[in-house]
Amino acid sequence: MKKKIKTVKKNLIETTNQVINNNRRSRKAFLFFFTSFVMLLSLVVIAFSPTTTVKQFDMTKNLSSAYLNNQVNNYIAKATNTEVVRMLPYDFSAPKNPPNKNNYYTEGKKSCYKDSTIEVTCWKETDKINLAEICFAEIKIKHPSQFRRQWANGDYNSSKYQYPTNIFALSNGVIGMSSDFYKFRKYGVIVQYGTVICDKRSPLTRQRYLDVLVIDYNGDFKIWKDKELSNYIKENGADDIMLSFTFGPALIVDGVPYDPKIEEHYPLGEHDMHSGRAAIAQLGPLHYLLCTFGNPGLHRPDFPKILAEKGCITAYNLDGGQSGTLIFNGGVYNKIAYKGAQRPMSDVLYFASAE
């Protein structure tokens, strides 16, 4: 009798386990086929949509979303025979992969870099009036996340400065430049990926508004007055701001150079002095221009004319003088004004590959 009971129990346990395993396999099979169906349906919809140009899926602003975005776009590219759109995570980290050294090359007197996600062309000109060296870098990227900012010692809270090339070395970027050196002043409206790093006005500028360069998640430039931007952030938050820089003034807005009289008393950047200059500009969608102007420098009101000749839509003055440093292929590309040596600072802006 006991043997029969044990046999029945054993059979019952085996049957139960078999049912459970079958259910598990069924659930896995269901999930696999359901996921495959959804992905296939998505690809069909995208492929036959009349407005499709292979748009990226920006799920959230973190590493996992960047990975998911890139995987989805790989499937889309294969299914529709179109270009892959890759992105980098919207966080404070540097890209994991450094630029491929084999992608640097020269073309005449120009220094270049090109891969499937970024194109950079650097060249030098001589200003005929001031006999100064002007360095330009034209950049085209595939995704706004490739426009980034790197902080000294890899931390925007760091109280220590570094040379621009040392900061840039932390970024794995293709090209970089000194930016607004906000920690030297400790005021302005500084935002990175929706995080407000600084939102403070100086007592020296309370009667004058500073221009702030704001970059949205399409990679487009817009100029705000610092007080207006500060009020906007207090009411709406900063989630729609990818990056912002405070130095200025604006040099070109909507393709029109700024009237020098408007910025006559602008509190930053030694308006009336001959000085080395630095600027960043937008030429079109995901298309940018970096510029440094060396010794003996120029008056800032003359700077917009140079940038307007290059077809800039929006141009913004950054910290110049000895701060103005353009970095390419691991070294300083321009001749730094004044002492000719790098100045320790708090941050650089840069463009990275997404390969």
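**Here we look at the sheet that holds strand S2 (residues 110–114)**
One open sheet accounts for nine strands, arranged S1-S2-S3-S4-S15-S14-S16-S12-S13; its pairing is antiparallel. Both edges of this open sheet fall to strand S1 (104–107) and strand S13 (256–257), since each of them pairs with a single strand only. Of the pairings in the sheet, the one linking strand S3 (residues 118–126) to strand S4 (residues 133–141) comprises nine bridges and is antiparallel in character. Looking across to S4, one finds that glutamate 125 is bridged to isoleucine 134.

**With respect to the pairing of strand S19 (residues 347–351)**
Of all five residues in S19, five are buried; the element is thus mostly enclosed. Burial along S19 is two-sided: the face carrying Asp347, Leu349 and Phe351 and the face carrying Val348 and Tyr350 are both buried. Inspection of the sheet shows strand S5 (residues 147–151) paired to S19 by five bridges, in the antiparallel sense. Within S19, the position partnered with arginine 149 by the bridge is leucine 349.

**Here's the deal with the pairing of S1**
Side chains on a regular strand alternate between the two faces of the sheet. Sheet topology places S1 next to S2; four bridges connect them, and they run antiparallel. Residue glutamate 107 lies in a different strand from S2, and its bridge partner there is lysine 110. Here S1 hands over to S2 after two residues, with glycine 108 in that stretch at a positive phi of 70°.

**Considering the sheet that holds strand S17 (residues 326–328)**
The antiparallel open sheet is built from five strands, whose spatial order is S5-S19-S6-S17-S18. In this open sheet, the two edge strands, each paired with only one partner strand, are S5 and strand S18 (331–332).

**Quick notes on the packing of aromatic side chains**
Counting across every chain of the model gives 17 aromatic pairs. Ring geometry for phenylalanine 147 and phenylalanine 221: centres 6.2 Å apart, planes at 55°, overall tilted. In this pair, phenylalanine 147 is assigned in strand S5 and phenylalanine 221 in strand S10 (residues 221–225), connecting sequence segments 74 residues apart. Under the relative-accessibility criterion, phenylalanine 147 is labelled buried at 0%. Here arginine 185 stacks its cationic end above the ring of tyrosine 187, 5.5 Å away from the centre of that ring. Against the face of phenylalanine 136 rests lysine 310, its NZ or CZ located 4.8 Å from the ring centre.

Conventions adopted
Residues numbered from 1 in each chain as written. Predicted model: local features only at pLDDT ≥ 70, side-chain atom pairs only at ≥ 80, totals over all residues. Heavy atoms only, no water. Pairing = 2+ DSSP bridges. Helix = DSSP H or I, 4+ residues; strand = E, 2+ residues; numbered from the N terminus. Buried < 20%, exposed > 50% of the residue type's maximum accessible area, 1.4 Å probe, protein only. Phe/Tyr/Trp six-rings, centres within 6.5 Å; stacked < 30°, edge-to-face > 60°. Lys NZ or Arg CZ within 6 Å of the ring centre and 35° of its normal.

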